[in-house]
Amino acid sequence: LPTVIDSHMVLQRNTPLTIWGWADAGEEVTVKLGGSSAKATTGEDGQWSVELPAMKASRKSHSMTVTGNNEIKLDDILIGEVWVGSGQSNMEWQLKSTAGATEAIKDADFKHIRLFHVPKVKAPSPANDVVADWKVCTPENIPAFSAVLYYYGKKLHEELDVPIGLINSSWGGSAIEPWTIADGKSGGMYNGMIAPLLSFEVRGVIWYQGETNVLQKNGLAYYDRMKALIEGWRSSWGQEDMPFYYVQIAPWRGSYGPGELPALWEAQAKALTLPHTGMAVITDLVDNIADIHPQNKLDVGERL
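An account of the accompanying structure is given in this report.

Quick notes on the rules
Residues numbered from 1 in each chain as written. Predicted model: local features only at pLDDT ≥ 70, side-chain atom pairs only at ≥ 80, totals over all residues. Heavy atoms only, no water. Buried < 20%, exposed > 50% of the residue type's maximum accessible area, 1.4 Å probe, protein only. Helix = DSSP H or I, 4+ residues; strand = E, 2+ residues; numbered from the N terminus. Arc of directions from axis to C-beta. Contact = heavy atoms within 4.5 Å. Salt bridge = Lys/Arg side-chain N within 4 Å of Asp/Glu carboxyl O. Phe/Tyr/Trp six-rings, centres within 6.5 Å; stacked < 30°, edge-to-face > 60°. 1 Å grid on protein atoms, 1.4 Å probe; cavity = no way out; pocket = protein on both sides within 12 Å on 5 of 7 lines; lining within 4 Å. Points joined across faces, edges and corners; volume = space filled by probe spheres on them. Core = buried A, V, L, I, M, F, W, Y, C linked by side-chain atoms within 4.5 Å. Polar contact = N/O pair within 3.5 Å; in protein donor to acceptor, adjacent residues only side chain to side chain. Lys, Arg positive; Asp, Glu negative; His and termini not counted.

Describing helix H7 (residues 260-270)
- Every buried residue of H7 is listed here: Glu260, Leu261, Ala263, Leu264, Ala267 and Gln268. One face of H7 carries all of its buried residues, which in axial projection span an arc of 160°.
- Residues of H7 that are buried in the fold lie against helix H5 (211-215), helix H6 (222-237), strand E14 (244-248) and strand E15 (277-281).

Okay, structure coming up:
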């Protein structure tokens, strides 16, 4: 099985579920979950895939068995909401390095929030797996996880009262282009860190990126890149109306060229013309204009 299908995962509620993996050519595979089962026969390429019926949100722990020539048993599976967090360093920024980290880490004991941290990998073509695993949200597992994504998921968990699965796939310093599909070509970060997840059902994406593109002086052209990113990911995930929420990047006194930040802000605002998008404004949350990484990530996550 791919690593994103494992014990402790959260599966997206209210949508048919794709389960996939690899086996010997011609091997029959049976997948059982929550009273449902499905069968597939592996093709010559060694790949198989089945679809299980949609399930309602549940804090009840489910188990899954995948049986072919061998049997794999997964346990502690929950049904709820699954969100992807991506972008550059302000999305990657670890909880332990933020304002109020000590208390936040101590309080991060949520057995129904699950964390999946995708390692940094560029690939020349779309990869089929990542080296990662699902972990329960505990004070031991949370310190190095994305602060913005954690606070976002915590807020959802409190308001929706359902399990939450959080997939962090971000890379500090990255421009938008390596995450994008454009002109039939996909970028190295998309290939290595997004493509392996595309059969896994998710509710939506939160995105915090743009500082590098200000430095590249992309200005209003950043809108076209955002449009390509959003439409490309939606198409790849097979969800034309997948929610895509993003952060208007914070002001910074550093080495941005004159007028470059307002131009990128305008591009970000224009992206709101794309359906099912939303933008969190955080200008007032900057505690140090000389720091490109505002330390208050709690309010950023909650505004998203």
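Moving on, there is more to tell.
Quick word on the pattern of salt bridges
- Evaluated as defined, the whole model comprises twelve salt bridges.
- In this structure, Glu81 and Arg13 form a salt bridge, with 2.7 Å as the shortest nitrogen-oxygen distance. Taken together, the residues span a long stretch of sequence, with Glu81 in strand E7 (residues 71-87) and Arg13 in the loop between strand E1 (10-12) and strand E2 (17-22) at a distance of 68 residues.
- You can call Glu81 buried: its relative accessible area is 5%.
- On the accessibility criterion, Arg13 (19% relative accessible area) is buried.
- The salt bridge involving Lys39 is made with Glu28; its shortest N-O contact spans 4.0 Å.

Re the packing of aromatic side chains
- Taken as a whole, this structure holds eleven aromatic pairs when the rule is applied.
- Ring geometry for Tyr150 against Tyr151: centres 5.3 Å apart, planes inclined by 50°, an arrangement best described as tilted. Side by side, Tyr150 and Tyr151 carry an identical accessibility label, which is buried.
- The interplanar angle of 90° and the centroid separation of 6.3 Å between the aromatic rings of Trp179 and Trp207 together place this pair among those described as edge-to-face. One end of the pair, Trp179, is in the loop between strand E10 (164-170) and strand E11 (181-182); the other, Trp207, is in strand E13 (residues 204-208), and 28 residues separate them in sequence.
- Among the residues examined, Trp179 registers a relative accessible area of 0% and is labelled buried.
- One aromatic cluster is present, built from ring pairs that chain together Trp179, Trp207, Trp233, Trp237 and Phe244.

What to know about the layout of surface pockets
- If you add up the space inside the largest pocket, you get close to 200 Å³.
- Lining the largest pocket are 14 residues; nearest its centre among them are Trp20, Trp22, Gln47, Asn128 and Ser199.
- Contributions of two or more residues to the lining of the largest pocket are made by E2 and strand E5 (47-52).
- Counting residues per element, the lining of the largest pocket draws most heavily on E2, at four residues.
- The space that makes up the second largest pocket amounts to roughly 170 Å³.
- Every residue lining the second largest pocket is listed: Leu115, Phe116, His117, Asp133, Lys135, Asn141, Ala144 and Phe145.
- Of the residues forming the lining of the second largest pocket, the biggest block, three residues, is contributed by strand E8 (residues 110-117).

Regarding unusual backbone geometry
- The backbone of Lys217 sits at a positive phi, close to 60°, despite the residue not being glycine.
- When you line up the elements, Lys217 lands in the loop between H5 and H6.
- Of note in this structure, His276 is not a glycine but carries a positive phi near 60°.
- Inspection of the secondary structure puts His276 in the loop between H7 and E15.
- Given a relative accessible area of 45%, His276 falls into the partly exposed group.

Overview of the nonpolar core
- Of all hydrophobic cores here, the largest spans 96 residues; its most connected members are Met64, Ile167, Phe200 and Trp233.
- Here Phe200 is in contact with Val4, Ile5, Met9, Val10, Leu11, Trp20, Val82, Trp134, Ile167 and Trp237, once residues within four sequence places are set aside.

A few points about the side chain of Gln268
- Position of Gln268 relative to the elements: it lies in helix H7.
- Judged by its relative accessible area of 1%, Gln268 is buried.
- At a separation of 3.1 Å, a polar atom in the side chain of Gln268 contacts the main-chain carbonyl oxygen of Val247.
- Not counting residues up to four positions away in its chain, the partners in contact with Gln268 are Gln209, Tyr222, Met226, Tyr246, Val247, Gln248, Ile249 and Met279.

Overview of the side chain of Arg234
- Relative to the assigned elements, Arg234 resides in helix H6.
- The side chain of Arg234 is buried and forms no salt bridge, while Glu231, the nearest opposite charge, is found at 6.6 Å.
- For Arg234, the side chain forms a polar contact with the main-chain oxygen of Pro275, separated by 2.8 Å.
- Residues within four places of Arg234 in sequence aside, it is in contact with Gln239, Glu240, Asp241, Met242, Pro243, Phe244, Pro275, His276 and Thr277.

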